[in-house]
Structures are given as structure tokens and as C-alpha cells.
Amino acid sequence: MPQTKILLDESDIPTHWYNVVADMPNQPAPPLGPDGKPIGPEALAPIFPMALIEQEVSAERWIPIPEPVREAYRLYRPSPMFRAHRLEQMLGTPAHIYYKYEGVSPAGSHKDNTAIAQAYYNAQAGIHRLATETGAGQWGCSLALAGQMFGIDVRVFMVKVSYDQKPFRRSMMHTWGAEVFASPSPHTATGRRALEVDPDSPGSLGMAISEAVEEAASRPDTNYALGSVLNHVCHHQTIIGQEAKKQFEKVGEYPDVVIACCGGGSNFAGAAFPFLADKAAGDPRAKNLRLLAVEPTSCPTLTRGHYAYDFGDSVGLTPLMLMYTLGHDFMPPSIHAGGLRYHGDSPLVSQLYHEKLIEAVAVPQLATFEAGVAFARSEGIIPAPESCHAIRACIDEAMQCKETGEPKVLFFNLSGHGHFDMASYDKYFSGQLEDYEYPAAAIDEALHHLPKVG
Ligand SMILES: *Cc1c(COP(=O)(O)O)cnc(C)c1O
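In short, a report on the structure. (Residues numbered from 1 in each chain as written. Predicted model: local features only at pLDDT ≥ 70, side-chain atom pairs only at ≥ 80, totals over all residues. Heavy atoms only, no water.)

1. Some remarks on the layout of surface pockets
Using the following cut-off: Only protein atoms enter the 1 Å grid used here. Points where a 1.4 Å probe fits but cannot escape make up a cavity, open sets with protein on both sides within 12 Å along at least five of seven lines make up a pocket, and a residue lines them when an atom lies within 4 Å of a point. Grid points are joined across faces, edges and corners, and a volume is the space filled by probe spheres set on the points. We count a stretch as a helix when DSSP gives it H or I for four or more residues in a row; a strand needs E for two or more, and each element gets its number in order from the N terminus.
Each pocket or cavity is described by its volume, and for the largest pocket that value is around 810 Å³. Lining the largest pocket are 41 residues, with Pro31, Ile39, Leu44, Pro319 and Met321 sitting closest to its centre. Listing elements by their share of the lining of the largest pocket, those giving two or more residues are helix 1 (50-57), helix 9 (205-218), strand 13 (320-325) and helix 14 (347-354). Here the element with the most residues in the lining of the largest pocket is helix 9; it accounts for 4 residues.

Given below as C-alpha cells:
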């Protein structure tokens, strides 16, 4: 049997992050302030360190990775890539399936890649405290870990429903020294208002972001960190795709389709953008390359959302970003891929989708668990429910190859493991999970709540 595990040396850890802005046919639309005018970098200075703000607005193709960040990456990078021989056999497909496994990071997902960078730059700027939100808990864990590495206290607002449902993610954050509050919480004005309206509010990612931003904006010693969506987060994740390209060189193949699940868009950006760079450079291997973002039918931001300026949080504290959105007051159905329940999407991913340089598909929940179980039973690794979306789309592509007889090369990013999601797997096995199609009426309704600009 040909090679299964494709490894790199520590010296292959990328020295630069890739910035897709340098290769975009149109420059990104600027974020807007409350007055509807483009904001300058200084508007972000109360909550982000200048080094990250510079990356946020940068058009430079390559951004050097500071040595202490590369040093921390050595804990778990380069991450392994695998050829999924057993999955291919099980499907009987002529396709060659490859996946890169980001679950080897200490917190168990790709999010450590940016958490480490963000904690480093904040520490460099003399910041000793970070506030953030977490949905399902993965981002909170990554930032708790990274804060610990660089001497920063971390305060996490965790969406109430996850706080109750995923106690062990909470325990992990505590183990790494972070404070964790259920959101909405009594610690912020935003949280107190939400609790007055509904003391039993399950919370939402947008609400938790509002709380963390409020805290960071109102305390000079505290900055804010976001685990996806923003440009600098997408740049940081490109080490995934850069490593994958080297791994493909080692086996002498090149993908026809690159697939990743899409919540805020950063792991998709990380896997896909370095391949988009090949396309932009006219690399003949990338001529017909497809880049596929996969989202849940219950939160179909790219495939059914509006391309419009909207807030990144629920109460409107953040700048307005041009992105696909279901409306900032979107209350997500409680599907189990918590990391994919966000009303908006990365402005970079959104613009590339709008300009038809990438594709998107929405898949229903039950089919994603079915794919995840098939994957665990063939390849061994138990995937995070978020990652199961990428696996679903990859299996669908592989089954098409079976019909047409084409031996396509498929590549997906296995963004994390599912070890803290076994309660969701249990629900799947006992038939308690349902499919949920986000209602068209709610999507139309959201249009009326979008902020009016331009
Ligand atoms: C957070 C998370 C996602 C969603 O990532 P985005 O970069 O925001 O799209 C996907 N998979 C796992 C395992 C996650 O923890």
C-alpha cells in the first residue's frame, strides 16, 4: 500500500503567513464606522494591538512569522497529512482522498494557530489581559492555552447553552488558567440587559462577542481577541495550506478540490488561500482547482445569506463589515457543530465567494454525523462535528468520482477532533438529532434589520 502518513520536518514550518489580499482581483471593501464612513486603523486601537491592526489592513503578500510564534508552533507543527486509503476503499472510489489533521494541537483544533500569534502580539504590546467569547468552547480553550504561554490572563464569555452542555471544555479553560462566564452574564451592561429581558436566555455567539468587546473597550488593561472572521485571523491560518502544498509535493500530487468547513471562515481560508495563490500566479496545476466551503443548512450564511454591511456582534458594538450575513440578531438553532453557528462570515471569504473565485455548499446535520462516523470507522480519528461538514462534502465528491470513474485528488482540512463532542455523537446514535433547514422567512426578515448604509 502506498504512503499513508505524510510528514514534514520542523524546518518546514512556514516562515511567513500568506495574505490573499495581495492576489485578490478587487481590493477588500473597507470596514465602516457608526457614521457609515470607512474607519481608520486607529478606531481599532482600543481593543487590538497595532501589530495585528497592521495585518488587518495589510496588502503585503507575505507577513513574517515572529520566531517566538514559530517556536510555539513547534509543539504540534507541522501537522500531519494523511492519504485516506481506508476511506477510499470503503467508498469504492477511484478518487485519492487526502486530509490534514489540525486536531494534533494541544487544544484540539486549528484555532491554536491564531491564538498563539494573537497572544504573542498582545504580550509584545504590554497587554496582560484578554477578553474573548467562545461558542462551543474550542476558541476559548485555544486562547486560554496561548494566554498561559505568553503571560496573559484570559477572560472568556461562553455562550450559555454550551456552558451548560460542554462542561469539559470549561474545565480545560480552567486548567489553562482562564476565567469563564456563561453569556449573557451579569458582568457587562450588555449581558445585564439581555438577562433582564430573558433570565433564561441561551445566549448566542453574537451576544458573547458584544460582552467581550464591551469589556475590552471599557478597560484600558484589556484587549479583545477574535478566533475567526477577521483578516489577520485568516492570514494566520494559512500555515495549514502552505504545509499541505509541501506535503502534496512529497507525494507528487496536486488537489483538484480543496474542501473545508466554514463557520467564520478562517480554517477554510487557511486551507484554501495558499492554493488560490497558485491559481492567481497562473500555475497550470491549479487551472481547474475548485475551493469548496461547507456550511450547515441550519446556518447557511454563504449559500442563503445577504451580501451586505452588518455588525459582527449582536448589539452593534463592532465596525460594519461587508460580508454574507443572516443578520446580526440571528438566533441560531442549537445544532451540534457549535463552531459553525455564526451569523456572518469572513469578509475575505465572502468577497471571494461573491466574485465566484470559491464555491460553497450547505449540508444537513444528520448527513454530517453519518459521514463523521464513516470516517471514524475507516480512518480511526473521531472528527469534530464542524469537521464532519468537510468530510460530508468530500465523500459526496468522492462518490461522484465513482460514478464518472475520474481519479480526482480531493483534499480536506480535518479542523479538529471530536473528543469533547461525544454527547452529540450519542444523540446521533440514539436518533435524537434532527435536520434543520433555516426558514426562508427568517432570512427575509433579517434583511429588514440590517444596518442602513450607502
Ligand atoms: C471553530 C471551529 C471551526 C470553525 O472554524 P472557522 O475558522 O470559524 O470557520 C471548525 N472546526 C473546528 C474543529 C472548530 O473548532
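Here the narrative resumes.
2. Side note on the sheet that holds strand 6 (residues 129-134)
Cut-off, in case you're wondering: A strand pair is defined by DSSP finding two or more bridges across the two strands. Note on geometry: axes are C-alpha line fits, over the in-contact stretch for helices, and angles between N-to-C directions span 0 to 180 degrees.
A sheet is described by the order of its strands in space; here 4 strands give the open sequence 8-7-6-9, paired in parallel fashion. At either end of the open sheet lies a strand with only one pairing partner, and these are strand 8 (179-183) and strand 9 (222-224). In this sheet, adjacent strand axes meet at a mean angle of 25° when their direction is disregarded. Inspection of the sheet shows strand 6 paired to strand 7 (residues 153-159) by 6 bridges, in the parallel sense. The residue of strand 7 that forms the bridge with Glu133 is Phe157.

3. A word on the pairing of strand 6
Operational definition: Relative accessibility thresholds used throughout: buried, under 20% of the residue-type maximum; exposed, over 50%; partly exposed, between the two (1.4 Å probe, protein chains only). Classification remark: right-handed applies to a crossover when, strands pointing away from the viewer, the course from the first strand over the helix to the second runs clockwise.
With 6 of 6 residues buried, strand 6 lies mostly within the body of the structure. Both faces of strand 6 are covered, namely the face carrying Arg129, Ala131 and Glu133 and the face carrying Leu130, Thr132 and Thr134. Chirality of the crossover, the property in question, places the unit of strand 6, helix 5 (residues 138-149) and strand 7 among those that are right-handed.

4. Concerning the sheet that holds strand 10 (residues 257-261)
Read from one edge to the other, the open sheet built from 7 strands follows the order 1-4-5-15-10-11-14, with strand pairing classed as mixed. Among the strands making up the open sheet, the edge pair consists of strand 1 (5-6) and strand 14 (359-363). Pairing between strand 10 and strand 11 (residues 290-296): 5 bridges, direction parallel. Each bridged residue has a counterpart across the sheet, and for Val258 the counterpart in strand 11 is Leu291.

5. Focus: the packing of aromatic side chains
Where we set the bar: Centres within 6.5 Å are what make two rings of Phe, Tyr or Trp a pair, Trp counting through its six-membered ring; a difference in plane orientation under 30 degrees is then read as stacked, over 60 as edge-to-face, and the rest as tilted.
Scanning all chains against the criterion turns up 21 aromatic pairs. Ring centres of Phe369 and Tyr425 lie 5.3 Å apart, and the angle between their planes is 80°; this geometry places the pair in the edge-to-face category. A residue pair is termed long-range when its members are at least 10 positions apart, and Phe369 in helix 15 (residues 365-379) and Tyr425 in helix 17 (residues 422-429) qualify at 56 residues. For Phe369, a relative accessible area of 1% corresponds to the buried category. For Tyr425, a relative accessible area of 2% puts it in the buried group. Members of the aromatic cluster, connected to one another through ring pairs, are Tyr98, Phe248, Tyr254, Phe275 and Phe411.

6. Focus: the packing of helix 8 (residues 189-197) against helix 9
Where we set the bar: For this analysis, residues touch if any pair of their heavy atoms sits within 4.5 Å. Here the nonpolar group is Ala, Val, Leu, Ile, Met, Phe, Trp, Tyr, Cys and Pro; Asp, Glu, Lys and Arg are the charged ones; every other residue, Gly included, is treated as polar.
Relative to each other, helix 8 and helix 9 sit at 145°, their axes nearing to 8 Å. Contact with helix 8, carried on its side by Ala189, Thr190, Gly191 and Ala194, involves Met207, Ser210, Glu211 and Glu214 of helix 9 and no other residues of that element. Partitioning the contact of helix 8 with helix 9 into residue classes produces 3 nonpolar, 3 polar and 2 charged.

7. Structural notes on the packing of helix 11 (residues 239-251) against helix 12 (residues 266-280)
In plain terms, the rule: Crossings are assigned a handedness: left-handed for a near helix turned anticlockwise from the far helix by less than a right angle, right-handed for a clockwise turn.
Here helix 11 crosses helix 12 at 60°, and the two axes come no closer than 6 Å. Like other packed secondary-structure pairs, helix 11 and helix 12 cross with a definite hand, here right-handed. Only Gly270, Ala271, Pro274, Phe275 and Asp278 of helix 12 make contact with helix 11, whose side of the interface consists of Ile240, Gly241, Gln242, Ala244, Lys245 and Phe248. Across the contact of helix 11 with helix 12, the residue classes break down as 6 nonpolar, 3 polar and 2 charged.

8. What to know about the site of the ligand
Selection rule: For this description, a residue counts as near a given molecule or strand if any of its non-hydrogen atoms is within 4 Å of it. Think of a polar contact as two N or O atoms within 3.5 Å of one another; within protein, one of them needs to be a possible hydrogen donor and the other a possible acceptor, and neighboring residues in sequence only count if both atoms come from side chains. A 1.4 Å probe and the Shrake-Rupley method give the accessible areas. Residues count as covered only by the protein chains that appear here. Think of it this way: a molecule belongs to a cavity or pocket when more than half its atoms come within 2 Å of the grid points there.
Close contacts around the ligand come from 18 residues, with Lys111, Ser228, Gly263, Ser266 and Ser415 the closest. Measuring from an oxygen atom of the ligand, one finds a side-chain N or O atom of Ser228 at 2.6 Å. Between the ligand and Gly265, the relevant distance is 3.0 Å, taken from an oxygen atom to a main-chain nitrogen or oxygen of the residue. Protein chains shield 98% of the accessible area of the ligand, which is 390 Å² for the free molecule. Structurally, the ligand is housed in the largest cavity. Residue composition of the shell around the ligand, by class: 4 nonpolar, 12 polar and 2 charged.

9. Observations regarding helix 1
Note the following rule: Comment: arc refers to directions from the helix axis out to C-beta atoms.
Where helix 1 is concerned, the buried positions are Leu52, Ile53, Gln55 and Glu56. Along helix 1, the residues classed as buried sweep out an arc of 160° about the axis, all on the same side. Opposite the buried face of helix 1, by more than 90 degrees, sit the exposed residues Glu54 and Val57. Summarising the contacts, the buried residues of helix 1 are in contact with strand 2 (16-18), strand 3 (62-64), helix 4 (112-124) and helix 10 (231-237).

10. Details of unusual backbone geometry
Note that the residue after Arg77, namely Pro78, is joined by a cis bond; omega there is -10°. Within the fold, Pro78 resides in the loop between helix 2 (67-73) and strand 4 (81-83). For the peptide bond that leads from Ser183 to Pro184, omega is 5°, which places it in the cis range. As for its position among the elements, Pro184 is in the loop between strand 8 and helix 8. With a phi close to 70°, Val229 is a non-glycine residue in the positive phi region. Looking at the element boundaries, Val229 is found in the loop between strand 9 and helix 10. When its relative accessible area of 3% is taken as the criterion, Val229 is described as buried. Phi at Lys356 takes a positive value of approximately 65°, unusual for a residue other than glycine. Residue position: Lys356 is located in the loop between helix 14 and strand 14.

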